[in-house]
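Residue strings, one per chain:
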Amino acid sequence: MRRSLRSYSDQKSDPAPVHVPVLLKQVIKYLLTDPGGLYVDATADGGGHSQAVLLELKQKGKLICCDRDVDALEYCKNRLKGFKEKVDFAKVNFKNLGSHLESQKINDVSGFLFDLGMSTLQLEDPERGFSYLKDGSLDMRMDLSQKKKAYDVVNFYPLEKLAEIFREYGELKRAKLLARIIVESRNKAKINTTRDLKEVLQPKLDPRNKSKALSKCFQAIRIEVNDELDELKEGINQAMEFLRPGGRLCVISYHSLEDRLVKSTFNFYSKGCICPPDFPQCVCGGKKVLKVLTKKPLVPDKEEKKENPRSRSAKLRVCEKLNFSK
Ligand SMILES: C[S@@+](CC[C@H](N)C(=O)[O-])C[C@H]1O[C@@H](n2cnc3c(N)ncnc32)[C@H](O)[C@@H]1O
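Residues numbered from 1 in each chain as written. Predicted model: local features only at pLDDT ≥ 70, side-chain atom pairs only at ≥ 80, totals over all residues. Heavy atoms only, no water.

This brings us to the site of the ligand. Around the ligand, 24 residues are found, and the nearest of them are H49, D67, F94, D115 and Q122. N93 places a polar side-chain atom, nitrogen or oxygen, 3.0 Å from a nitrogen atom of the ligand. Relative to its unbound accessible surface of 600 Å², the ligand loses 99% to contact with the protein. (Near = heavy atom within 4 Å. Polar contact = N/O pair within 3.5 Å; in protein donor to acceptor, adjacent residues only side chain to side chain. Areas by Shrake-Rupley, 256 points an atom, 1.4 Å probe, with all protein chains shown as cover.)

Encoded structure:
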C-alpha cells in the first residue's frame, strides 16, 4: 500500500527521510529584501527553505508555500503549523502561479524561490518510482493527480519519441539504441517496475559509467512525465509578472538543461532592446525588465557538498525586477 509522507512524519519510530535545503544561507541573503514583504516558495516540498524564510519575516511578512505534490505539501503544513497566519499553502503547479496569485488578489510579491527537481522525500519513496536504486512502480509523477506516468512513456511511446527524450533530456549518446532495447523488451512483456527498466537498460550502458547513464535515463523520463522544462519557463515568466520592482527571483537548478534555460530566460528579460546593432534607434520598444545579480551561478562550497551530497550539482541564479510597470 502507498504510504504518504504525512504518515511518515506522524511516526516517530520510522521518521521520514530528511530533505536538507540546498544553498540555504545564499537563498536567504538574496531572496529577503524586505522582512515585512510577501514571498512565494514555488517548490515548498518539505519546507526546509520555507522554514528559514519564515524565521526571518517580521510583522506583516508572509509566505505562500506552493507545490504540485500534495503529500509534500501536507508534510510542509505539518512542519510549519507553528507559524500560523504568517504562512499559506496551495497545491499549485508553478506554471499556474499567476492564476493562483490573481485569485488571492496578490500582485506585489517581494520574492519567489524555485528549488527545482525532486526532493529527498520523493526520491527515497520507492512507490514514487523516481530512483533506479529502489524497486518500485514506474510512476515518477510529481503531481499524483496527473494521468501520465513513467509506465506510459516507457511502454507506449514510439521508438523515435523515446530516442528523442533520451537525447534531449538525458543528453545520452546511445539514445536510439536505448530506445530500441526498450521497445524490443516491451514487445515481449510490459516493463512494470523501476527494477525492470534498470535491467532492460543496463546491458547497453557504458560499463565504465553505468550509474551516471542510468540516472540520466531516469532523469530523461522524469522530465518528460512532468513536462519540467516547459513548466519552468512558464513559471519564471509568471513570477516576473508578479514581482514588485526591487523584488527578487531565486532559482536553484540541478542539471545543465535547467540551468541553461534559467540563464537564457534571465538574459532575455535583462536585454531590453532586441533591435539589430546597426539600427540608429530602437524600434522594438523592448524594455529591460530585470537585472541579473549573479553573473556566475552560486554553487555549494566543499563543506556543503560533503555534508549533503545531493547539493553537488546545484546552481543558484538570482535576478531583481527593475522599476517597470506591469
Ligand atoms: C528540491 S524539492 C524542494 C525542496 C525544498 N526547497 C526544501 O528545502 O524542503 C523540489 C520540489 O518542487 C516540486 N515541484 C517540481 N516541479 C514543480 C512545479 N512545476 N510546480 C510546483 N512544484 C513543483 C516538487 O514536487 C518538489 O517537492
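Our focus in this paragraph is the domain arrangement of the protein chain. Partitioning the protein chain into structural domains gives domain 1 (5–121 + 229–321) and domain 2 (126–226). In this structure, domain 1 and domain 2 have C-alpha centres spaced 28 Å apart. Opposite the 13 residues of domain 1 that make contact, domain 2 presents 13 residues. Each partner contributes to the roughly 1,200 Å² buried at the junction of domain 1 and domain 2, and carbon and sulfur atoms together form 51% of this total. It is R68, M118 and L257 in domain 1 that bury the most area against domain 2; as a group they hold 43% of the surface buried on that side. Put simply, domain 1 and domain 2 have three salt bridges between them. D143 is the partner of K91 in a salt bridge, and the nearest nitrogen-oxygen pair spans 3.0 Å. Linking domain 1 with domain 2 are five residue pairs in polar contact (both at pLDDT 80 or more), by the criterion used here. The set of elements that each furnish at least two residues to the side of domain 1 that touches domain 2 consists of α12 (228–242) and α13 (256–271). Ranked by residues supplied to the side of domain 1 that touches domain 2, first place goes to α13 with four residues. In the side of domain 1 that touches domain 2, the residues fall into three nonpolar, three polar and seven charged. (Domains from an automatic or database assignment. Contact = heavy atoms within 4.5 Å. Buried area = accessible area lost by both parts, 1.4 Å probe. Salt bridge = Lys/Arg side-chain N within 4 Å of Asp/Glu carboxyl O. Helix = DSSP H or I, 4+ residues; strand = E, 2+ residues; numbered from the N terminus. Nonpolar A, V, L, I, M, F, W, Y, C, P; charged D, E, K, R; others polar.)

Moving on, we get to the pattern of salt bridges. One pass over the structure, following the stated rule, counts 17 salt bridges. Note that R310 is salt-bridged to E124, the shortest N-O span being 2.9 Å. Taken as a pair, R310 in the loop between α14 (302–307) and β7 (315–321) and E124 in the loop between α6 (120–123) and α7 (150–156) lie far apart in primary sequence, 186 residues in all. Accessibility expressed as a relative area gives 28% for E124, which makes it partly exposed. Overlapping salt bridges bring together R68, K95 and E231 as one network. (Buried < 20%, exposed > 50% of the residue type's maximum accessible area, 1.4 Å probe, protein only.)

So, about the nonpolar core. F112, F114, M240 and L249 are the most contacted members of the largest nonpolar core, which totals 34 residues. Going through the elements one at a time, β1 (38–41), β2 (62–67), α5 (97–103), β4 (109–115), α12, β5 (243–253), α13 and β6 (290–292) are the ones with two or more residues in this core. Counting 33 residues, the second largest nonpolar core, distinct from the first, contains V153, I165, L214 and C217. (Core = buried A, V, L, I, M, F, W, Y, C linked by side-chain atoms within 4.5 Å.)

Let us look at the pairing of β4. Burial within β4 is extensive, with seven of its seven residues counted as buried. In the sheet, β1 pairs with β4 via three bridges, with the strands oriented parallel. When the sheet's bridge partners are listed, Y39 is paired in β4 with G111. (Pairing = 2+ DSSP bridges.)

With respect to the helices and strands, R317 occurs in strand β7. At 2.7 Å, the side chain of R317 and the side chain of D259 are in polar contact. With residues up to four places along the chain from it excluded, the contact list for R317 reads L249, C250, V251, D259, V262, K263, F266, T294, K295 and P297.

What follows is about the environment of F112. With respect to the helices and strands, the residue F112 is situated in strand β4. For F112 and T265, which are 153 residues apart along the polypeptide, the C-alpha to C-alpha distance reads 15 Å. Apart from residues lying up to four places away in sequence, F112 is in contact with L31, V40, L97, L101, A239, F242, L243, R248, L249 and C250.

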